[in-house]
Amino acid sequence: MNAPLTLAHYMTVAGLLFLIGIFGALTRRNIIGILMSIELMFNAANINLAAFDRFLHPDGVTGQALALFVMTVAAAEIVVGLALLLAIYRGTDTVYAEDFNLLKG
Amino acid sequence: MLDQAVFYSLTILTLASALAVVLHRNTVHSSLFLGLSLAGVAGLYASLGADFLFGAQIMVYVSGIAVLVIFVVMLLGRASDLHLRQVNERWMAALLVCFVAAVGLFKVARLQSNIVATGAAHPGTHDIGRLFLGEWLLPFELTSLILLAALLGAVFFTRTENAQ
């Protein structure tokens with residue numbers, strides 16, 4: 001516990017968060033759950049960017065700026081995702097991903 | 001010592017609430033845990049000295065995206081959902097995918113185990129502003145186009161006459 005914090009610590013946390021996100025995105029039936037898991041994955045990537053910035057390039061802010069771009073894209077993604085979900089829900093009356101089979105031939 | 005205590009407690013908070021997001025049966029609860037997990041990530045940014053990222057995370061994620069998700073969950077939820085299984089039957093395969101990804105990720109992470117932070121963290125807001133309005137002006141302005149497209153997309157998809 002007393003060992004100094006290294007880049008590996010932060011990368012491990014980000015890796016675990018990313019794995020939890022992947023697991024959720026692959027297994028949740030509810031499509032809102034899938035969107036939430038994708039948000040967790042975005043955050044894992046952002047932790048890595050901020051950690052690289054602090055440990056490898058302490059005088060610059062490039063990693064933090066990139067993380068801000070990721071944040072913007074994530075916000076746009078969740079807004080469009082939820083709007084699509086609302087539109088699909090009106091047509092199919094379900095939120096479960098396996099019932100979204102309108103394009104099935 | 002304080003650094004380690006802060007780091008480990010934030011890690012436990014973030015990962016435990018992320019697990020609750022993924023595994024909780026009730027979607028309202030898991031969206032509340034999403035807000036907690038994102039707040040934990042904001043704390044990790046603060047522990048890395050990324051002050052502006054910390055503020056942006058609180059404002060965009062915790063009070064923006066998490067609240068939006070909670071709204072939609074409450075709009076679409078049904079009481080019968082609480083009795084349905086929320087995990088599909090292919091969770092074993094997903095676990096296998098996670099295991100393979102974990103092996104790769106931790107092999108990479110272990111290579112960095114001798115890199116410690118040098119010097120004290122300093123505030124970066126001023127530098128980020130300079131970077132965005134100087135060298136990175138074009139990508140910074142292009143993000144406003146992305147946000148505008150997302151805004152129009154959201155309005156377009158949620159209009160009732162487009163639903164049919």
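Residues numbered from 1 in each chain as written. Chains lettered and ligands numbered in written order. Predicted model: local features only at pLDDT ≥ 70, side-chain atom pairs only at ≥ 80, totals over all residues. Heavy atoms only, no water.

Caption draft 1: Layout of the overall build of chain B. In terms of helices and strands, chain B carries 6 helices and 0 strands. Taken from N to C terminus, the helices and strands of chain B fall in the order α-α-α-α-α-α. Whereas a compact globule of 164 residues would reach a radius of gyration of roughly 15 Å, chain B reaches 20 Å, over 25% beyond that. Each of the three principal axes of chain B carries a C-alpha extent, and together these read 55 × 40 × 30 Å. Per-residue burial over chain B gives 34% buried out of 164 residues. For chain B, restricting intrachain contacts to residue pairs at least 6 apart in sequence, the fraction spanning at least 24 positions comes to 55%. Distance between charge centres in chain B, computed from 8 positive and 8 negative side chains, equals 16 Å. (Helix = DSSP H or I, 4+ residues; strand = E, 2+ residues; numbered from the N terminus. Rg over C-alpha atoms; globule rule 2.2 N^0.38 Å. Buried < 20%, exposed > 50% of the residue type's maximum accessible area, 1.4 Å probe, protein only. Contact = heavy atoms within 4.5 Å. Lys, Arg positive; Asp, Glu negative; His and termini not counted. Charge placed at Lys NZ, Arg CZ, Asp CG, Glu CD.)

Caption draft 2: Spotlight on unusual backbone geometry. Residues other than glycine seldom take positive phi values, yet Asp93(A) does so here, at roughly 60°. Within the secondary structure layout, Asp93(A) lies in the segment after helix H3 (62–92).

Caption draft 3: Expanded view of the confidence of the model for chain B. Looking at chain B, the pLDDT average stands at 89 and 98% of residues meet or exceed 70. Both scores are given for the predicted complex: the pTM is 0.92, the ipTM 0.91. (pLDDT = per-residue confidence, 0-100.)

Caption draft 4: Layout of the interface of chain B and chain A. Counting from both sides, the interface comprises 85 residues of chain B and, opposite them, 72 residues of chain A. Counting the surface lost from both chain B and chain A, the interface buries some 7200 Å², and carbon and sulfur atoms represent 76% of this. Considering only the surface of chain B that becomes buried against chain A, Val22(B), Leu48(B) and Leu76(B) emerge as the three largest contributors, covering 10% of it. At the surface where chain B touches chain A, the tally comes to 0 salt bridges. At the boundary of chain B and chain A, one finds 13 residue pairs in polar contact (both at pLDDT 80 or more). Counting residues per element, the ones that place at least two in the side of chain B that touches chain A are helix H1 (2–23), helix H2 (27–47), helix H3 (51–76), helix H4 (91–111), helix H5 (125–132) and helix H6 (137–158) of chain B. A per-element tally of the side of chain B that touches chain A places H3(B) first, with 13 residues. (Buried area = accessible area lost by both parts, 1.4 Å probe. Salt bridge = Lys/Arg side-chain N within 4 Å of Asp/Glu carboxyl O. Polar contact = N/O pair within 3.5 Å; in protein donor to acceptor, adjacent residues only side chain to side chain.)

Caption draft 5: Up close: the packing of aromatic side chains. This structure, assessed with the given rule, holds 7 aromatic pairs over all chains. Their ring planes at 65° and their centres at 5.7 Å tell us that Phe156(B) and Phe157(B) sit as a pair that is edge-to-face. Relative accessible area serves as the criterion here: at 27%, Phe157(B) is assigned to the partly exposed category. By way of ring pairs, the aromatic residues Tyr10(A), Phe55(A), Phe7(B) and Tyr8(B) are connected into one cluster. Arg29(A) extends its terminal NZ or CZ atom over the ring of Tyr96(A), reaching a point 4.3 Å from the ring centre. (Phe/Tyr/Trp six-rings, centres within 6.5 Å; stacked < 30°, edge-to-face > 60°. Lys NZ or Arg CZ within 6 Å of the ring centre and 35° of its normal.)

Caption draft 6: Inspection of H5(B) at higher detail. Within H5(B) the residues assigned to the buried category are Ile128(B), Leu131(B) and Phe132(B). Along H5(B), the residues classed as buried sweep out an arc of 95° about the axis, all on the same side. Across from the buried face of H5(B), at angles greater than 90 degrees, the exposed residues are His126(B) and Arg130(B). Buried residues along H5(B) sit against H3 of chain A together with H3 and H6 of chain B. (Arc of directions from axis to C-beta.)

Caption draft 7: Molecular detail of the environment of Ile12(B). Residues and elements named next belong to chain B. With respect to the element layout, Ile12 can be found in helix H1. The exposure class of Ile12 is exposed, given its relative accessible area of 59%. Note: C-alpha distance between Ile12 and Ala93 (81 residues apart in sequence) is 26 Å.

Caption draft 8: Geometry of the pattern of salt bridges. Residues and elements named next belong to chain A. Within this structure, the stated rule accounts for 2 salt bridges over all chains. One salt bridge in this structure joins Glu98 and Arg29, with 2.6 Å as the shortest N-O distance. Highlighted residues: Glu98 in the segment after H3 and Arg29 in the loop between helix H1 (7–27) and helix H2 (31–56), separated in sequence by 69 residues. Accessibility expressed as a relative area gives 15% for Arg29, which makes it buried.

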